[in-house]
Amino acid sequence: MLRNLLSFLLPASACLTGLLLAASPALAQTAAPTPAAGGNPIIKTKYTADPAAMVQGGTVYLYTGHDVAPAPQERYEMHEWLCFSSKDMVNWTEHPVPLKVSDFAWAKDDAWASQVIARNGKFYWYVAVEHGTIRGKSIGVAVADNPTGPFKDARGSALITNDMTKATGISWDDIDPTVIIDKSGQAYLFWGNTACYYAKLKPNMTELDGPIQTVQGLPRFTEAPWVHERNGWYYLSYATEFPEKIAYAMSRSLDGPWEYKGLLNEIAGNSNTNHQAIIDFKGKSYFIYHNGGMNEKGSSYRRSVCIDYLNYNKDGTMQRVRMTTEGVQAAK
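Below is a summary of the structure that appears in this document. The model shown is predicted, which means the values in this text are computed figures rather than measured ones.

Reading the values: the criteria
Residues numbered from 1 in each chain as written. Predicted model: local features only at pLDDT ≥ 70, side-chain atom pairs only at ≥ 80, totals over all residues. Heavy atoms only, no water. 1 Å grid on protein atoms, 1.4 Å probe; cavity = no way out; pocket = protein on both sides within 12 Å on 5 of 7 lines; lining within 4 Å. Points joined across faces, edges and corners; volume = space filled by probe spheres on them. Helix = DSSP H or I, 4+ residues; strand = E, 2+ residues; numbered from the N terminus. Nonpolar A, V, L, I, M, F, W, Y, C, P; charged D, E, K, R; others polar. Salt bridge = Lys/Arg side-chain N within 4 Å of Asp/Glu carboxyl O. Buried < 20%, exposed > 50% of the residue type's maximum accessible area, 1.4 Å probe, protein only. Phe/Tyr/Trp six-rings, centres within 6.5 Å; stacked < 30°, edge-to-face > 60°. Pairing = 2+ DSSP bridges. Axes fitted to C-alpha atoms, helices over the stretch in contact; angles between N-to-C directions.

A separate point is the layout of surface pockets. Taken as a whole, the largest pocket encloses approximately 500 Å³ of empty space. What lines the largest pocket is a set of 23 residues, and nearest its centre among them are Ile180, Val227, His228, Glu229 and Ile278. For the lining of the largest pocket, the secondary-structure elements that each account for two or more residues are β1 (49–56), β6 (114–119), β10 (178–181), β14 (221–230) and β18 (277–281). Of the residues contributing to the lining of the largest pocket, the split by class is 15 nonpolar, 3 polar and 5 charged.

Written as structure tokens, this is what we have:
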């Protein structure tokens, strides 16, 4: 993710791509020690960023990037994605690394933002990485038989490359993928930086099903789109300006038109970037984001995932998120 003058010199937001650290599927299912629970940030054993979450039955799966730039260095360094699961939104179990950049033979580096979605008994992971031979950022897709992996490259090539998008001249506009399946079964992929793109996906989830289009009606769009549905409304939230806040728009259709509704979240502590996931779980709505709030060397380049409640008004609009140190209570 990149913003203001600095963002045009060095891409900012980090997204996700990679391969599995596990040596075998059996090893990949072995859970790591559970991070200490209680309050924000929710993961205190390592730096986590660019959250995406998926509900499967009574379990939430959280997918994050992994900031590893050593303090006091001020740069993004990310080579893999992480996976955590919880049955109550408070106690999280870390799973072995399910995906790394090196799992994509065509990718160079930069495990930036990503999202996982389930379809037809498979789990598809859309990630942003630096392409190895085509200039700029790109989007790949990995697939697994279960939410914790192991994941493998589903195509052997990038789904989106920088030469496919022309709304902006920058090389990092193909980042931050988010995916949703509408009630008719049509899958959509949204992504972008400074321009928000979208395209339909074929049922196999690994090919585009039509042209790449540009979303209109998103003032001061920077990056980090997230699309979700509730009570017949589609919501497109996104990072705006720099340092980033989260704004959102609403529509009755994923093809638009989108109506801008205002800010949803303020600047997240000492993090210049802001990246959100929104889910419903056990009767409550949750806003998942990152800040630089880790006690040990937290910063814009060593971020940490947090969770607070999200509330809706009677007309379907969303209330401003209140970021807290206490976080959420255990869901029952």
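On to the pattern of salt bridges, then. This structure, assessed with the given rule, holds 14 salt bridges. Note that Lys122 is salt-bridged to Asp145, the shortest N-O span being 2.6 Å. With Lys122 in strand β7 (residues 122–131) and Asp145 in the loop between β8 (137–144) and β9 (152–153), the pair connects residues that are 23 residues apart, well separated along the chain. What makes Asp145 exposed here is its relative accessible area of 55%. Close ionic contact of Glu229 with Lys183 constitutes a salt bridge, the shortest N to O distance being 3.7 Å. Taken as a pair, Glu229 in strand β14 and Lys183 in the loop between β10 and β11 (187–192) lie far apart in primary sequence, 46 residues in all. By relative accessible area, Glu229 is classed as partly exposed at 30%. One network of salt bridges, in which partners are shared, links Asp50, Asp67 and Arg303.

Our next topic: the packing of aromatic side chains. Scanning the entire structure with this criterion turns up 15 aromatic pairs. With a centroid separation of 5.4 Å and an interplanar angle of 40°, the aromatic rings of Phe221 and Tyr238 are classed as tilted. Highlighted residues: Phe221 in strand β14 and Tyr238 in strand β15 (residues 233–240), separated in sequence by 17 residues. When its relative accessible area of 9% is taken as the criterion, Phe221 is described as buried. In this structure Tyr238 comes out as buried when scored by relative accessible area, which is 0%.

Take the pairing of strand β20 (residues 304–310) next. Among the 7 residues that make up β20, 6 are buried, leaving the element largely enclosed by the rest of the structure. Where strand β19 (residues 284–291) meets β20, 7 bridges bridge the pair, whose relative direction is antiparallel. Following the sheet pairing, Asn291 is matched in β20 by Ser304.

This brings us to the sheet that holds β15. Read across the open sheet, the 4 strands follow the order β14-β15-β16-β17; overall the sheet is antiparallel. Whereas interior strands pair on both sides, the edge strands pair on one side only; in this sheet they are β14 and β17 (259–265). This sheet shows a mean twist of 25° between the axes of neighbouring strands, independent of strand direction. As paired elements, β15 and strand β16 (residues 245–251) share 7 bridges and run antiparallel to each other. Across the sheet, residue Tyr234 finds its bridge partner in β16, namely Ser251.

Here we take up the environment of Thr222. Examined against the element boundaries, Thr222 turns out to sit in strand β14. Thr222 sits in the buried class, given a relative accessible area of 7%. Measuring from C-alpha to C-alpha, the distance between Thr222 and Asp173 comes to 9.5 Å, with 49 residues separating the pair along the chain.

Another aspect to go through is empty space enclosed by the protein. A full pass over the atoms with the stated rule returns 1 cavity of 30 Å³ or more. Considered as a void within the structure, the largest cavity measures approximately 60 Å³ in volume. The wall of the largest cavity is formed by Gly38, Gly39, Asn40, Ile42, Met89, Val90, Trp92, Ile307, Glu326, Gly327 and Val328. Class assignment for the residues of the lining of the largest cavity results in 6 nonpolar, 4 polar and 1 charged.

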